[in-house]
Amino acid sequence: MLLSAEDNRQIMVTDVANSKLNQLYQYLVDEEDARVCKDIPEQACHYVPLNFFAFIIANALTKLGDELSNPKTVLAWLFSVVQAPVALVGLLVPIRESGSMLPQLLIAAYVRRLAVRKWVWVGGSVLQCVAVLGMGLVAFTLHGAAAGWSIIALLVLFSLARGLCSVAHKDVLGKAIPKTRRGRLTGYASSVAGLLALGVGVFLTSQGDAADSFYGFLLAAAGALWLLAAAVFALVQEQPGATDGGGNALHEAVHSLALLRTDSDFRRFVIVRSLLLCSALSAPYYVILASERGVADISTLGWFVVANGLASSLSAPFWGRLADASSKTVMVRAALLTAGLGLLVAVLSVFLPALVAQTGFYPAAYFVLGIAHSGVRLGRKTYIVDMAGGNKRTDYVAVSNTVIGLVLLGTGLIGALAGLVSALGVIVMLSLLGLAGALLGRRLPEV
């Protein structure tokens, strides 16, 4: 059949675009055998460059959205602006984190019934968009307890949607991106998101007192990022996979939990991951220490956002390449960095108090902590994707996240502990847990 001139032109444009995409992909992976197809279906090999960049863009957009709606910073600031009850502030982080993890065993049973699972991620991203836009609307319209409880309710919806994305993301990643490429992909996505967050942080440092509407627009922008990410992720070319194990959700959840008893390597990984929560849990206590020596206005928030964004953008590609060689090594080194930083800050606080009183000390410490946390996240994500294949990967992610969700619920005791031993004492305690995680992590098998 003869093709029209317009059809031929479209084919040529598509071929040129694919060629440019392949060239850029080969440049980023920086290896001669750029089209390696290890641990993915053969039919997926042709789409690896397209999927690689779709994952990077979608991940970067959601990571930036996370920064703009961070419960440790933006939502906590919003609570004070709308005069929500102080008691509700303590619910923000546990709900956002554990709320997305605890239901994942039930979610995983549903996901296993689907041959193509990218739409679970797309749907979850759209729901996150709706939830965050709702929070922005609250900032414009409500005050007091009504505002606080409305944000909490929307945060529950956000967390459940986040759980959908978490289960589906790692499974689609394992089907669409080959081994030895996954760490770099996550690293590049974190780097792009870090640079974007850096720009946001610089903008915040230039702001003075912000009205309620400022937070509303900030959250509206975050919601739009999740909607855009959903559109980009829909472009991923995912090959249909196995649908076995999609029975009764509660029965499958109980059956999946048996992995903790029967799979010793997986059990050790879950213990290590629990200990490595130290990098995330210690972050707000660095902010608390800084606020004790300065004014915690929105410009202060901006400097911490800058530090975190810069740390992620600079360190993520390094951690990504190292994770492709040994994700276990990444977890161990990042844990040691977290522990060493906390202990160093404690020693300097005792022996060199004038140094830690300097304005830039805690943002600088937060920068180092951001590097360590980036390594912890990237290392454990790459490790769990590489250690299992097929539906077993979905079970690993769901069981691991459920256990971590339970652990996070118990971390509410840390806030009470801070009132007894000070924020610095909590940092020391978490640093020791990180040291234990690094030592135990050395016993994990290479995957």
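What counts and how
Residues numbered from 1 in each chain as written. Predicted model: local features only at pLDDT ≥ 70, side-chain atom pairs only at ≥ 80, totals over all residues. Heavy atoms only, no water. Helix = DSSP H or I, 4+ residues; strand = E, 2+ residues; numbered from the N terminus. Buried < 20%, exposed > 50% of the residue type's maximum accessible area, 1.4 Å probe, protein only. Contact = heavy atoms within 4.5 Å. Areas by Shrake-Rupley, 256 points an atom, 1.4 Å probe, with all protein chains shown as cover. pLDDT = per-residue confidence, 0-100. Expected span 1.5 Å × (residues − 1). Core = buried A, V, L, I, M, F, W, Y, C linked by side-chain atoms within 4.5 Å. 1 Å grid on protein atoms, 1.4 Å probe; cavity = no way out; pocket = protein on both sides within 12 Å on 5 of 7 lines; lining within 4 Å. Points joined across faces, edges and corners; volume = space filled by probe spheres on them. Nonpolar A, V, L, I, M, F, W, Y, C, P; charged D, E, K, R; others polar. Phe/Tyr/Trp six-rings, centres within 6.5 Å; stacked < 30°, edge-to-face > 60°. Polar contact = N/O pair within 3.5 Å; in protein donor to acceptor, adjacent residues only side chain to side chain. Axes fitted to C-alpha atoms, helices over the stretch in contact; angles between N-to-C directions. Parallel < 35°, antiparallel > 145°, perpendicular 65-115°, else oblique. Left-handed = near helix turned anticlockwise from the far one by under 90°. Patch = residues over 30% accessible without salt bridge, like charges linked within 9 Å, V, L, I, M, F, W, Y side chains within 5 Å. Salt bridge = Lys/Arg side-chain N within 4 Å of Asp/Glu carboxyl O.

K.L.:
How would you summarise the overall build of the protein if you had to cite specific residues and measurements?
P.N.:
Within the protein, the regular secondary structure consists of 20 helices and zero strands. Here the protein, with 447 residues, has 54% of them falling under the buried criterion. Of all intrachain contacts in the protein linking residues separated by at least 6 positions in sequence, the fraction that spans at least 24 positions is 87%. Put simply, the protein shows about 18800 Å² of open surface, and 67% of that area lies on carbon and sulfur atoms.

K.L.:
Which residues make up the confidence of the model for the protein, and what values do they have?
P.N.:
For the protein, per-residue confidence averages 78 on the pLDDT scale, and residues scoring 70 or more make up 79% of the total. Least confident of the elements in the protein is helix 1 (residues 5-29), whose mean pLDDT is 54; most confident is helix 7 (residues 118-141), at 92. Within the model, pLDDT remains below 50 along residues 6-17, and this stretch shows two contacts once partners closer than five positions in the same chain are excluded.

K.L.:
Summarise helix 9 (residues 182-205); cite the residues concerned and give the values.
P.N.:
For helix 9, which comprises 24 residues, the first-to-last C-alpha distance of 34 Å matches the rise-based estimate of 34 Å (1.5 Å per residue) to within 8%. In terms of residue burial, helix 9 counts as a mostly covered element, since 17 of its 24 residues are buried.

K.L.:
Explain the nonpolar core to me, and be specific about the residues and the numbers.
P.N.:
Core analysis: the biggest nonpolar cluster contains 97 residues, and Phe55 and Phe266 have the highest contact counts within it. Take this core: its biggest share by element is 13 residues, from helix 8 (residues 144-176). Beyond its immediate sequence surroundings of up to four residues, phenylalanine 55 is in contact with His169, Val172, Leu173, Ala176, Ile177, Leu185, Phe233 and Val236. Listed in part, the 26 residues of the second largest apolar core include Met101, Leu277, Phe304 and Leu408.

K.L.:
Could you give an account of empty space enclosed by the protein, with specific residues and numbers?
P.N.:
If a probe as big as a water molecule is rolled over the atoms, it shows which places are left empty. Counted under the stated rule, the structure contains three cavities of 30 Å³ or more. Glu67, Asn70, Lys72, Thr73, Val287, Phe304, Val305, Asn308 and Tyr366 are the residues that line the largest cavity. Residue contributions to the lining of the largest cavity peak at three residues, all from helix 16 (residues 298-351). Grouping the amino acids of the lining of the largest cavity by side-chain chemistry returns four nonpolar, three polar and two charged.

K.L.:
Account for the packing of aromatic side chains, naming residues and giving values.
P.N.:
For the coordinates displayed, the defined rule picks out nine aromatic pairs. Between phenylalanine 52 and phenylalanine 53 the ring centres are 5.5 Å apart and the planes differ by 85°, which places this aromatic pair in the edge-to-face class. For phenylalanine 53, a relative accessible area of 12% gives the class buried. Ring pairs connect the aromatic residues Phe55, Trp121 and Phe233, which therefore count as one cluster.

K.L.:
Explain the environment of glutamine 128 to me, and be specific about the residues and the numbers.
P.N.:
Tracing the chain through its elements places glutamine 128 in helix 7. Judged by its relative accessible area of 4%, glutamine 128 falls in the buried class. Only 3.4 Å separates the side chain of glutamine 128 from the side chain of tryptophan 226, close enough to count as a polar contact.

K.L.:
An account of the environment of aspartate 66 is needed here, citing residue identities and associated values.
P.N.:
As for its position among the elements, aspartate 66 is in helix 2 (residues 48-68). C-alpha of aspartate 66 to C-alpha of alanine 193: the two residues are 127 residues apart in sequence and 9.8 Å apart in space. Those residues in contact with aspartate 66, other than ones at most four positions away along the chain, are Arg96, Phe158, Arg162 and Trp226.

K.L.:
How would you sum up the packing of helix 13 (residues 264-275) against helix 18 (residues 361-386)? Please name residues and give values.
P.N.:
Packed helices, taken two at a time, are described by the angle their axes make and the gap between the axes. Between helix 13 and helix 18, the shortest axis-to-axis distance is 12 Å and the interhelical angle comes to 165°. What the angle tells us is that helix 13 and helix 18 run roughly antiparallel. In this structure, helix 13 crosses over helix 18, and the sense of that crossing is left-handed. Touching Phe266, Phe269 and Arg273 of helix 13 are Arg380, Tyr383 and Ile384, all from helix 18. Considered class by class, the residues forming the contact of helix 13 with helix 18 number four nonpolar, no polar and two charged.

K.L.:
Which residues make up a nonpolar patch on the surface, and what values go with them?
P.N.:
A cluster of nonpolar residues, Val126, Leu127, Val130, Leu157 and Leu227, forms a patch on the protein surface that exposes about 360 Å² of accessible area. In this fold, valine 130 is placed in helix 7.

K.L.:
Just give me the short version of the packing of helix 2 against helix 9, but keep the residues and values in it.
P.N.:
Relative to each other, helix 2 and helix 9 sit at 40°, their axes nearing to 8 Å. If you check the angle between helix 2 and helix 9, you find them oblique. Along this stretch, helix 2 crosses helix 9, giving a crossing that reads as right-handed. On helix 9, the residues touching Phe52, Phe55, Ile56, Asn59, Ala60, Lys63, Leu64, Glu67 and Leu68 of helix 2 are Leu185, Tyr188, Ala189, Ser190, Val192, Ala193, Leu196, Ala197 and Val200. Across the contact of helix 2 with helix 9, the residue classes break down as 14 nonpolar, two polar and two charged.

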